[in-house]
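# Fold and geometry: a report
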Amino acid sequence: MDQVGPEAVPLVEDAASPRGLRELLRRPRAGSRTVPERCDLCSEPLPDDHRHMLDVTQDAVLCACRACSLLFDQSAAGGRHYRLLPGRRTELSGLRFDDALWAALGVPVGLAFFVRDGASGEVSVGYPSPLGATRAAVDPQVWEEVVRGYPGLVDLTDDVEALLVHRSGTVQEHWIVPLDDCYRLVALVRSHWRGLSGGSEVWEHIGAFFAGLSEKD
């Protein structure tokens, strides 16, 4: 698994917080590996640009070689156990949250990601903090209001895609991204946050992260 941030760090977690993020952070940093990174399914050596999968039953993100990625890219191959994390990164230019709707979602910060569970249909929200990731359930009626405002969210892929929102100051960005992108953002905030407000450095890194999404789109 790719290292995001300088070291493994603890997380503030509730029952819904993903174990995959902990595993993501424990991997060696790129450039400092002493042994080749290997596929978590078949142990084949991995290139730097390998894909990731979600082990739904364990809530863990796994590294996958090309052969395993091709196998699990067929939606029925892994059932509900293994899900290949998709590659699309799409900015939703027509989506906006007003302050009232954002408050109803119960998110106390301007960075958050929303994921729909494939088994229950429930939507959870996660957001980065100086100590890690926080996850909570979203009121179904409030989420229905969000979807009414942007029906394209119905096509969000269960478990493995997220609606990522950045609304800080004058910034309003809304993206559909693979779930591991959200984990990387959490790790970035945890690694660079300083003091009570985060400091200028963390916001520079956040800005660069979202600029990078545009380059990958």
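Details of the structure are given in the entry above.
The shown structure was predicted, so the numbers you read here are calculated from the model rather than taken from an experiment.

## Considering the overall build of the protein chain
- Regarding its fold elements, the protein chain presents six helices and nine strands.
- The burial tally for the protein chain puts 47% of its 217 residues in the buried class.
- Looking at the protein chain as shown, the accessible area adds up to about 10700 Å², and 51% of this sits on carbon and sulfur atoms.

## A closer look at the sheet that holds strand 3 (residues 82-84)
- Ordered in space as 2-1-3, the three strands form an open sheet in which the pairing is antiparallel. Strand pairing shows two members of the sheet lacking a second neighbour, strand 2 (60-64) and strand 3, which therefore form its edges. On average, each strand axis in the sheet is inclined to that of its neighbour by 35°, with strand direction left out of account.
- The pairing of strand 1 (residues 51-55) with strand 2 spans five bridges and is antiparallel. When the bridges of strand 2 are listed, His 52 appears paired with Cys 63.

## A look at unusual backbone geometry
- A positive phi angle, near 70°, is found at Ser 43, a position not held by glycine.
- For Ser 43, a relative accessible area of 44% corresponds to the partly exposed category.
- Even without a glycine there, the phi angle at Asp 159 is positive, about 75°.
- With respect to the helices and strands, the residue Asp 159 is situated in the loop between helix 4 (140-149) and strand 8 (161-166).

## Focus: the packing of aromatic side chains
- For the structure shown, the criterion picks out five aromatic pairs.
- Between Phe 97 and Phe 114, the aromatic rings sit 6.5 Å apart at their centres with planes inclined by 20°, giving stacked as the arrangement. With Phe 97 in the loop between strand 4 (90-91) and helix 3 (99-104) and Phe 114 in strand 5 (residues 111-116), the pair connects residues that are 17 residues apart, well separated along the chain.
- Assessed through its relative accessible area of 3%, Phe 97 is described here as buried.
- Since its relative accessible area comes to 0%, Phe 114 is described here as buried.

## Points about the state of the cysteines
- Enumeration according to the criterion identifies zero disulfides in this entry.
- With no disulfide of its own, Cys 68 has Cys 65 as its nearest cysteine by sulfur position, at a separation of 3.7 Å.

## Here's the deal with helix 5 (residues 179-192)
- For helix 5, built from 14 residues, the straight-helix expectation of 20 Å at 1.5 Å per residue is met to within 8% by its first-to-last C-alpha distance of 21 Å.
- Of all the 14 residues making up helix 5, 13 are buried; the element is thus mostly covered by neighbouring parts of the structure.

## Let's talk about the sheet that holds strand 4
- On the basis of which strands lie adjacent, the open sheet formed by six strands has the order 4-9-8-5-6-7 and antiparallel pairing. Each end of this open sheet is capped by a strand with a single partner; those strands are strand 4 and strand 7 (132-137).
- Across six bridges, strand 8 lies against strand 9 (residues 173-178) in antiparallel orientation. Its bridge partner being in strand 9, Leu 163 is matched across the sheet by Ile 176.
- Packed on one face of the sheet, helix 5 meets strand 5, strand 6 (123-129), strand 7, strand 8 and strand 9 and runs near 115° to strand 9.

## Looking at the nonpolar core
- Within the largest apolar cluster, 25 residues are counted, with the highest numbers of intra-cluster contacts made by Phe 113, Leu 164, Leu 185, Ile 206 and Phe 210.
- The element best represented in this core is helix 5, accounting for seven residues.
- Not counting residues within four places of it along the chain, the set of residues in contact with Leu 164 comprises Ala 112, Phe 113, Glu 173, His 174, Trp 175, Val 177, Cys 182, Leu 185, Phe 209, Phe 210 and Leu 213.
- By size, the runner-up hydrophobic cluster in this structure holds 22 residues, among which are Leu 95, Val 107, Tyr 127 and Val 142.

## Some remarks on the environment of Met 53
- Position of Met 53 among the secondary structure elements: in strand 1.
- Linking Met 53 and Ala 64, residues eleven residues apart in sequence, is a C-alpha distance of 6.6 Å.

Calculation rules
- Residues numbered from 1 in each chain as written.
- Predicted model: local features only at pLDDT ≥ 70, side-chain atom pairs only at ≥ 80, totals over all residues.
- Heavy atoms only, no water.
- Helix = DSSP H or I, 4+ residues; strand = E, 2+ residues; numbered from the N terminus.
- Buried < 20%, exposed > 50% of the residue type's maximum accessible area, 1.4 Å probe, protein only.
- Areas by Shrake-Rupley, 256 points an atom, 1.4 Å probe, with all protein chains shown as cover.
- Pairing = 2+ DSSP bridges.
- Axes fitted to C-alpha atoms, helices over the stretch in contact; angles between N-to-C directions.
- Phe/Tyr/Trp six-rings, centres within 6.5 Å; stacked < 30°, edge-to-face > 60°.
- Disulfide = S-S within 2.5 Å.
- Expected span 1.5 Å × (residues − 1).
- Contact = heavy atoms within 4.5 Å.
- Core = buried A, V, L, I, M, F, W, Y, C linked by side-chain atoms within 4.5 Å.

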